[in-house]
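# Understanding the architecture of this molecule
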Amino acid sequence: MKAFLLAAWSLVLRDYRVRFRRTLLGVVWFFVPLFTLVSVALLVGKDLGLYPEGQSRDYLLRLLTGLMLWQLFADTWLEPMRLARRANMLLRSVVFDARILLAAGAISAVVAIALKLPVLLAAAIWFQAPLSVALGWFPVGICVLIAIGMAMACLTLPLSLALLDVRYAMPVVQYALLLATPIFYASPDSGPLQWINQVNPFTYVMVPFLDLMTGTMPDVTAVLGLVVLAACLLWLGLLYYQAKVRLAVAYIGR
Amino acid sequence: MMERPDIVLELDQVGRAFPRDVSDIPSAILREMLWPRSLLNRARPDTFPALQGISLQLQAGEKLGVIGGHRSGKSILAGIASGVFAPTQGRVTARGSRLLFGRPVAGFKLSLSLRENLAIRGALAGLSGEGLLKAVGSVLQENRIESGVADSPLGNLSPYLIRKLGMEMLLQIPADILVIDELVSAGAGDARWATRAALVDRLSRSTALIVSTNFEFLKEVAEQSMVLHQGRLYGPFQTGLAIEYYLGRSAPSGADSGGNSVPDLYSDQINSPDGEAEETLADMEAEPGEGQYPPEDPGLSDQDGEAFQRRSAKQALLPLVVATRIFVDGEEYERARLRLLRRPGEVLHVLVELLPRESFVCTGVSLSLHSGTGMEVGHGQSKVRAVALRRGTPGKLAFQVRIPDLPRNHYGLAMELVKEGGAGNFPGPPTKLVVFGLLTERPREAGMNLDCSCLTIESDLSHDASDAA
């Protein structure tokens with residue numbers, strides 16, 4: 001286990017070093033997408049009706065929480081694919097447990113959220129967010145999102161190695177799902193957007209944890225159901241991943 | 001599987017199929033990714049077998065060589081044996097950790113330091129803590145790399161040195177089974193000998209499958225070797241003999257002095273039928289008398305080990321039947337000249353005069369079409385009523401094949417006779433028949449299935465399987 005985690009951590013470090021070696025801002029680039037999205041949402045949100053007059057504080061906290069949780073989920077899902085792409089010759093030439101890639105993706109996502117967490121805490125203190133027991137569910141939310149992200153990575157990584165369509169589609173799909181999930185806006189009561197929110201399964205994954213920072217308690221039954229669902233999905237995903245990833249590796253470079 | 005405790009690596013009927021054209025047939029990839037493995041066993045027209053029916057066992061401490069030509073499937077075999085790739089058919093069982101010894105600088109990033117690159121390779125191979133530090137330190141120390149150099153970006157170092165250091169790092173990684181994929185030395189000048197010696201030393205203490213075309217190295221480290229030809233593995237033979245037959249050289253002395261080359265479907269010209277026939281007839285002279293079927297492998301009665309090995313190697317690499325004369329559209333086909341030009345949709349009427357190399361009951365014919373690069377581009381199979389073919393007794397095979405719509409190229413048509421109760425003429429390779437040029441304007445690449453009809457086969461000896469019974 002120690003060697004497994006060390007190998008995963010080595011992959012993450014290698015990736016960070018390669019990514020940030022010739023940059024002036026270094027890890028600050030982690031914050032740029034988050035700050036950009038939040039700034040844009042705050043600037044145009046009122047005109048678009050994303051939040052009502054005088055509720056920008058709650059909206060900002062909810063948006064920050066939502067985007068960070070979404071980024072955690074998306075990183076856990078997509079980071080193994082990026083790592084696999086950047087380490088494709090290692091995959092073709094070195095005998096190692098391919099689950100290291102999944103672990104490395106999850107570690108990378110956790111590091112990213114750990115770097116951003118002070119921003120969220122600072123915002124919560126600045127806006128005097130209520131300190132409630134609801135915050136105790138935050139680690140559960142993180143674990144559920146990591147598990148579901150890993151399961152999605154299990155199901156898509158072998159495909160992305162073998163078929164480039166999957167690799168090209170993933171960023172688009174990720175942004176489409178982000179917009180289809182009520183993070184930038186509250187889910188409306190009717191209309192096509194409400195229908196999209198209802199059809200999108202990630203709505204049910206994100207929404208219970210979105211309002212934690214504002215002191216809203218999540219539905220315990222729904223959260224427990226999510227935990228069980230995430231565990232099952234991860235188990236199925238791992239089965240598929242183990243069966244297919246070494247078949248897919250043969251297509252790297254072809 | 002692995003009932004014997006001394007077997008540490010076993011490949012059981014392993015196969016790996018790939019889509020014929022990765023870029024044009026994504027559906028084949030999608031099927032491979034989505035379907036359960038049990039449904040991937042069947043051969044399909046849009047896939048070709050890079051490896052088929054590979055079986056081998058490696059005992060603890062054994063060193064087994066594998067020789068093969070370009071595109072014969074060596075690296076895929078090494079990858080599957082080491083666990084880097086997975087097979088689409090069969091099973092690989094290993095008792096112990098495996099290390100693939102190839103591409104020593106794979107995954108190295110020029111922007112990272114030498115120490116970081118070596119450490120990541122060691123960490124992925126399972127080293128950690130003191131073991132990892134010791135391995136990296138040992139490589140740096142033995143090469144007198146100062147810490148300033150070790151911690152500077154890799155791009156400042158010579159590619160030869162990087163490769164040598166990568167190979168030495170691999171030598172530091174502990175593993176129960178080594179799978180060597182062509183890598184036998186690295187570095188420049190005398191350093192190559194040093195790394196080679198270090199590898200030989202490591203091999204002397206290991207169990208290893210050595211996939212290589214470095215024959216001197218193979219002779220030095222492996223007593224026995226197998227020959228990989230067109231995705232099929234033959235042997236094991238003594239390494240010297242395996243190399244000899246791989247290279248197509250004649251035997252140095254003795255009864256088996258006939259010249260035989262490894263059959264090559266990739267070449268534009270087809271082997272001389274006369275040569276094959278002479279060889280087969282020479283073999284027949286040493287056989288038991290007529291009037292009864294000779295044993296399947298007469299070499300089995302030979303007590304002389306080397307002669308037996310020589311004969312086994314030779315026979316394994318020869319087709320099951322020799323085509324002595326071929327008639328295409330009523331005219332005798334001259335193998336030495338590529339004078340057949342055809343268009344898609346036309347029909348080739350082929351009559352083949354056969355000389356079986358062993359006695360068997362034939363129940364069908366499998367035809368395959370190969371492009372100039374050797375890739376199988378078409379396949380078809382037809383059944384016939386069971387016919388007993390006897391070793392050395394001529395027979396005739398007639399069929400028609402419709403030429404598929406393929407790109408303008410030269411194509412070779414080959415056949416395998418299907419034995420009763422078996423698939424193909426394993427262990428022999430296909431018998432090559434004709435090479436023809438294809439004239440086409442707008443190829444649709446639609447001809448994966450060969451349309452074969454009017455198949456008849458007969459033996460001058462008998463006309464019914466009951467004779468064999």
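Rules behind the numbers
Residues numbered from 1 in each chain as written. Chains lettered and ligands numbered in written order. Predicted model: local features only at pLDDT ≥ 70, side-chain atom pairs only at ≥ 80, totals over all residues. Helix = DSSP H or I, 4+ residues; strand = E, 2+ residues; numbered from the N terminus. Buried ≥ 20, exposed ≤ 12 C-beta atoms within 10 Å, placed from the backbone. Contact = placed C-beta atoms within 7 Å. Pairing = 2+ DSSP bridges. Axes fitted to C-alpha atoms, helices over the stretch in contact; angles between N-to-C directions. Expected span 1.5 Å × (residues − 1). Core = buried A, V, L, I, M, F, W, Y, C linked by C-beta atoms within 7 Å. Right-handed = clockwise from strand over helix to strand, strands pointing away. Nonpolar A, V, L, I, M, F, W, Y, C, P; charged D, E, K, R; others polar. pLDDT = per-residue confidence, 0-100. Left-handed = near helix turned anticlockwise from the far one by under 90°. Parallel < 35°, antiparallel > 145°, perpendicular 65-115°, else oblique.

## With respect to the overall build of chain B
Broken down by element type, chain B carries 12 helices and 19 strands. Expressed as a percentage of its 469 residues, the buried residues of chain B come to 46%. A sequence separation of at least 24 residues applies to 76% of the contacts in chain B between residues at least 6 apart.

## With respect to the overall build of chain A
Scanning chain A from N- to C-terminus turns up 10 helices and zero strands. Start at the N end of chain A and walk to the C end: the helices and strands fall as α-α-α-α-α-α-α-α-α-α. A total of 254 residues make up chain A; the buried ones form 38% of that total.

## Overview of helix α9 (residues 239–247) of chain B
Across the nine residues of α9(B), seven count as buried, placing the element largely inside the fold. Of the positions making up α9(B), those classed as buried are B:Thr239, B:Leu241, B:Ala242, B:Ile243, B:Glu244, B:Tyr245 and B:Tyr246.

## A closer look at the sheet that holds strand β9 (residues 232–238) of chain B
Residue and element names in this part refer to chain B. Here six strands make up an open sheet; going across it, the order is β5-β6-β7-β3-β8-β9 and the pairing mixed. Each edge of the open sheet carries a strand with a single partner, namely β5 (98–101) and β9. Between one strand axis and the next, the sheet turns through 20° on average, direction left out of account. Summarising the sheet, strand β3 (residues 63–68) and strand β8 (residues 224–229) pair through five bridges and their orientation is parallel. Bridge pairing in β8 links Gly68 to Leu228. Along the sheet, helix α2 (residues 74–82) contacts β3, β5, β6 (177–181), β7 (207–211) and β8; its crossing angle with β6, the most-contacted strand, is approximately 160°.

## Considering helix α6 (residues 159–172) of chain B
All names here are of chain B. Helix length check: α6 (14 residues) gives 20 Å between terminal C-alpha atoms against 20 Å at 1.5 Å per residue, within 8%. Summarising burial for α6: 10 of the 14 residues are buried, a large majority. Listed in full, the buried residues belonging to α6 are Ile162, Arg163, Lys164, Leu165, Gly166, Met167, Glu168, Met169, Leu170 and Gln172. Buried residues in α6 make contact with β5, α3 (114–124), α4 (129–142) and α7 (190–204).

## Examining the nonpolar core
Most often, soluble globular proteins keep nonpolar side chains buried together rather than apart. Residues B:Leu77, B:Leu209 and B:Ile210 are the most contacted members of the largest nonpolar core, which totals 152 residues. Top contributing element to this core by residue count: helix α3 (residues 56–86) of chain A, with 15 residues. Excluding its chain neighbours within four sequence positions, the residues that come into contact with B:Leu209 are B:Leu9, B:Leu58, B:Leu64, B:Val66, B:Ala81 and B:Val179. Formed by 40 residues, the second largest nonpolar core is a distinct cluster that contains B:Tyr333, B:Val352, B:Leu369 and B:Val401.

## What about the pairing of β7(B)?
All names here are of chain B. Counting buried positions along β7 gives five out of five residues, so the element sits mostly inside the fold. One ladder, built from four bridges, connects β3 with β7; its direction is parallel. Paired with Leu64 across the strands is Leu209, a residue of β7. Bridge count for β6 against β7 is five bridges, and the pairing is parallel. Note that in β7 the partner of Ile180 across the bridge is Ile210. The parallel pair β6 and β7 is bridged by α7, and the resulting crossover is right-handed.

## Some points on the interface of chain A and chain B
With 30 residues of chain A in contact, the opposing surface of chain B contributes 32 residues. At eight residues, helix α1 (residues 2–20) of chain A tops the list of elements feeding residues into the side of chain A that touches chain B. Tallied by class, residues from the side of chain A that touches chain B come to 20 nonpolar, two polar and eight charged.

## Observations regarding the confidence of the model for chain B
In low-pLDDT regions, the fine details of the predicted coordinates are not to be read closely. Residues and elements named next belong to chain B. For chain B, the mean per-residue pLDDT works out to 75, and 75% of the residues sit at or above 70. Here helix α10 (residues 273–285) stands out as the least confident element of chain B, with mean pLDDT 33; β7 is the most confident, with 92. A low-confidence stretch, residues 249–303 (pLDDT under 50), is modelled with 77 contacts involving residues beyond four sequence positions or located in other chains. Across residues 461–469, confidence stays below pLDDT 50; counting only partners more than four residues off in sequence or on other chains, it has 13 contacts. The ipTM value of the predicted complex is 0.80, and its pTM value is 0.68.

## Looking at the packing of helix α2 (residues 31–48) of chain A against α3(A)
Residues and elements named next belong to chain A. It is the contact of α2 with α3, at a shortest axis distance of 10 Å, that shows an interaxial angle of 145°. As α2 runs across α3, the sense of the crossing is right-handed. For the pair α2 and α3, the contacting residues are Leu34, Leu37, Val38, Ala41, Leu42 and Gly45 in the first and Ser56, Tyr59, Leu60, Leu63, Leu64, Leu67 and Gln71 in the second. Classifying every residue of the contact of α2 with α3 gives 10 nonpolar, three polar and no charged.

## A short note on the packing of α1(A) against α3(B)
Their axes nearest at 8 Å, the elements α1(A) and α3(B) cross at an angle of 150°. For the element pair α1(A) / α3(B), the angle class is roughly antiparallel. Crossing handedness for the pair α1(A) and α3(B): left-handed. Side by side, α1(A) and α3(B) meet where A:Leu6, A:Ala7, A:Ser10, A:Arg14 and A:Arg17 of the first sit next to B:Glu116, B:Ala119, B:Ile120, B:Ala123 and B:Leu124 of the second.

## Quick word on unusual backbone geometry
It is generally the case that most residues other than glycine have a negative phi and that most peptide bonds are trans. Residues and elements named next belong to chain B. Here the phi dihedral of Glu182 falls at roughly 70°; this positive angle occurs in a residue that is not glycine. One can find Glu182 in the loop between β6 and α7. Among the residues examined, Glu182 registers 16 C-beta atoms within 10 Å and is labelled partly exposed. The backbone of Gln230 sits at a positive phi, close to 50°, despite the residue not being glycine. With respect to the secondary-structure elements, Gln230 resides in the loop between β8 and β9. Here Gln230 falls in the buried class, since 23 other C-beta atoms lie within 10 Å of it.

## Some thoughts on the sheet that holds strand β4 (residues 89–94) of chain B
All names here are of chain B. Reading across from one edge, β2-β1-β4 is the order of the three strands in this open sheet, with antiparallel pairing throughout. What marks the edges here is a single partner per strand, and that holds for β2 (47–59) and β4. Looking at each pair of strands side by side, their axes are set apart by 20° on average, direction ignored. With nine bridges connecting them, strand β1 (residues 7–19) and β2 associate as antiparallel partners. Residue Ile7 lies in a different strand from β2, and its bridge partner there is Gln59. Across the sheet, α2 is in contact with β1, β2 and β4; its angle to β1 comes to roughly 130°.

## Quick notes on the pairing of strand β16 (residues 395–402) of chain B
All names here are of chain B. Of the two faces of β16, only the one carrying Gly395, Leu397, Phe399 and Val401 is buried; Lys396, Ala398, Gln400 and Arg402 on the other face are not. By the bridge criterion, eight bridges tie strand β13 (residues 347–356) to β16 in an arrangement that is antiparallel. Across the sheet, residue Leu348 finds its bridge partner in β16, namely Val401.

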